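# Structural description and commentary
These are the residues of each chain, in order.
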Amino acid sequence: MGIHTSVDPETGAVRFLSPEGALCRPIPSSLSDELLVTLYRAMTRTRIFDGKAVALQRTGQLGTFASALGQEAVGVGAAAAMQAHDVLAPSYRDHGAQFLRGMTMAECLLYWGGDERGSDFAGPRLDFPNCVPVATQIAHAVGASYAFRLQRADRVVVTFIGDGGTANGGFYEALNMAGVWRTPTVIIINNNGWAISTPCALECAAPTLAQKGVAVGIEGWQIDGNDVVAVYDTVRQAVEKARAGQGPTLIEALTYRLGDHTTADDATRYRDPELVRREWAREPIARLRAYLLRKGAWNQEKEDALQRESLEEVGQAVNAYLATHSAGCDAMFDHLYATLPASYVSQRDTARRFEPKGGGGHG
Amino acid sequence: MAELSLVEAVNHALAYEMANDESVLLLGEDIGVNGGVFRATNGLQARFGRERVIDTPLAEGAIAGVAVGMAAMGLKPVAEIQFTGFIYPTIDQMINHASRLRNRTRGRLTCPMVLRSPYGAGIHAPEHHSESPEALFAHMPGLRVVVPSSPARAYGLLLAAMRDPDPVVFLEPTRLYRLFKQEVADEGESLPLDACFLSREGKDVTLVAWGAMMQETLAAADALEQQGVDAEVIDVATIKPLDMETILRSVEKTGRCVIIHEAPRTAGFGAEIAAEIAERALFSLLAPVKRVAAYDVVVPLSRLERQYIPSVDRIVDAVRSVMEGS
């Protein structure tokens, strides 16, 4: 095949690997074969996790869950380009990035399984929790990165938003502040084509979402979000730029949501299955695997081992999650304020009095 | 000790804390060179620099949102919303993030921010400048809502708000900004949050108010004294979490209660206090609890605002009716 251009011929977005896994331009020196394998493994683990989480929801063992199926390259590539002491301000579909940052799969399940302890990551301690309201997290990222600059800390904040979120005023307000203050912030638009059932074309009349940076004086780069090499290399440049005091960057990563919006959604109601089948030919994992196989950096034996290990890892996380008993009713009051105000004591006592005996299971 | 107006007391408290805690920073519209439209931040940018006194773009939702991010990363941001009518875009950030960051993360991340805003009617301001939204914020679990009623309380409560490890909405009665001066020792002494203040002792009736309404309420207490009624006056100060014990102790002593607030009557915070009294002190009452509140109307433009704000006469009339009800 071999499309020997550096961009997606249809969109003009930055690309290194074609959908067939052919090189469009040389792999940057920042990406060793070893790192590529690491990214491949991380994307595969995320996909296997997603499959299991959806199955848990379908069998009543998990609450509503937002799968990252098809978008693994965006989260994994971006997180790999960050340093451990940087901070992530995710949306609600970014567990691919969070796993690489150190959040455990069991914590992720605990969160979607309805337990606040899932947001109390053992690590990374400064990363923000999932953000369910749309676009509010961009302001947090800007504020956090402002704090780091004021503290003369060598830290960058990376934040994610969906394509739908860029229609929200909160996105523009925060982006504008990042531009004015030149904060060390990297804002990544995870453009998966859909805001639940609304396609991108009904959300925005501009040809790209990256160009929204123009209005606020921020560089906007558009990349092939299914090419983990493009994601990693672009985010790495944006993070380095931010760390060097050169201000924020807006990155639009073009990807595709192969699954439903969440387990509460049924995408067949609004989406042509033929379109989805075509998108499967562009997905990020098979693309990198094809490249690695051709290069001799991967083989079937390693693939089998990875599948086995990942299933085992996910299985252990599921067991840990299912074995975590529901917190007692005091948990509702424990972290409401630093110290429970006196006026709350009688409400907590009421909760204790009506607490079911014996505690709960995972539910 | 200096004689300070309420707005000067706010300025002194901000300056004191900024000088003593380098994690405190201010952000808001026109708060830098201009010193804020009411001059609450006058001179602070010159003293503490542009990095710590930030003139923000005009975007209230993001002002609150970046404050959340700053607070989560170890700063103590004090965000100013220029007028209360413009505070509503912050509610998304305050309810969805500021108020619950500690709870969501089990204390891993916290949000020690202060959201300051001039508040209330009575200064002939244009539309959307005179609202009293304390009940909206009081309804949000995880927030503190504080309303000072004098320069000394503004100084001490604002220091406490900045030192509190949780988010505080600090509503400053615009009408009191320059109404009177008071001796305030600028020595960094804070006042307790979550506590009502007993502003005047009495035995016949308990008057409960906060913020600017303390003016009319204290004047009503004086007028009632002339009529032989000995009113006790409580300044709620921290609306949420509410120190109901102080109010109940007073009501159990006097047997009567009138609650006065400038916000509309229906679902105003007075209803909460009245309900608590009904649940916990009903049999101490000699007469039904009464509320004197603004009408359930849009805050009118300046020609009618004096008829909107509960007057001394309305308070006296309500107290007379509860006295006769016994």
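Notes on the structure follow. The structure presented is a predicted model; accordingly, all values stated were derived computationally and were not measured. (Residues numbered from 1 in each chain as written. Chains lettered and ligands numbered in written order. Predicted model: local features only at pLDDT ≥ 70, side-chain atom pairs only at ≥ 80, totals over all residues. Heavy atoms only, no water.)

Moving on, we come to the sheet that holds strand 11 (residues 231-235) of chain B. Residue and element names in this part refer to chain B. A sheet is described by the order of its strands in space; here 5 strands give the open sequence 9-11-10-13-14, paired in mixed fashion. Only two strands of the sheet have a single neighbouring strand rather than two, namely strand 9 (197-200) and strand 14 (290-294). The average angle at which neighbouring strand axes cross in this sheet is 25°, direction not considered. Two elements, strand 13 (residues 257-264) and strand 14, share 5 bridges in a ladder whose sense is parallel. By the bridge assignment for strand 14, histidine 261 is matched with alanine 293. (Pairing = 2+ DSSP bridges. Helix = DSSP H or I, 4+ residues; strand = E, 2+ residues; numbered from the N terminus. Axes fitted to C-alpha atoms, helices over the stretch in contact; angles between N-to-C directions.)

A few words on the side chain of serine 99 of chain B. All names here are of chain B. Residue position: serine 99 is located in the loop between helix 4 (91-98) and helix 5 (101-104). Judged by its relative accessible area of 4%, serine 99 is buried. Ignoring any residue separated from it by four or fewer positions in sequence, one finds serine 99 in contact with Met94, Pro141, Gly142, Leu143 and Pro167. (Buried < 20%, exposed > 50% of the residue type's maximum accessible area, 1.4 Å probe, protein only. Contact = heavy atoms within 4.5 Å.)

Moving on to the interface of chain A and chain B. Facing 42 residues of chain A, the contacting portion of chain B comprises 45 residues. For the chain A and chain B pair, buried surface summed over both sides reaches about 3600 Å², with 63% attributable to carbon and sulfur atoms. Counting across the interface, chain A meets chain B through 1 salt bridge. For arginine 152 of chain A, the salt bridge goes to glutamate 51 of chain B, with nearest N and O atoms at 3.0 Å. Our enumeration of links across chain A and chain B arrives at 17 residue pairs in polar contact (both at pLDDT 80 or more). Of all the elements in the fold, those that place two or more residues in the side of chain A that touches chain B are helix 5 (136-150), helix 6 (169-181) and helix 11 (331-334) of chain A. Here the element with the most residues in the side of chain A that touches chain B is helix 5 of chain A; it accounts for 10 residues. (Buried area = accessible area lost by both parts, 1.4 Å probe. Salt bridge = Lys/Arg side-chain N within 4 Å of Asp/Glu carboxyl O. Polar contact = N/O pair within 3.5 Å; in protein donor to acceptor, adjacent residues only side chain to side chain.)

Interpretation note: all reported values are geometric properties and have no functional meaning in isolation.
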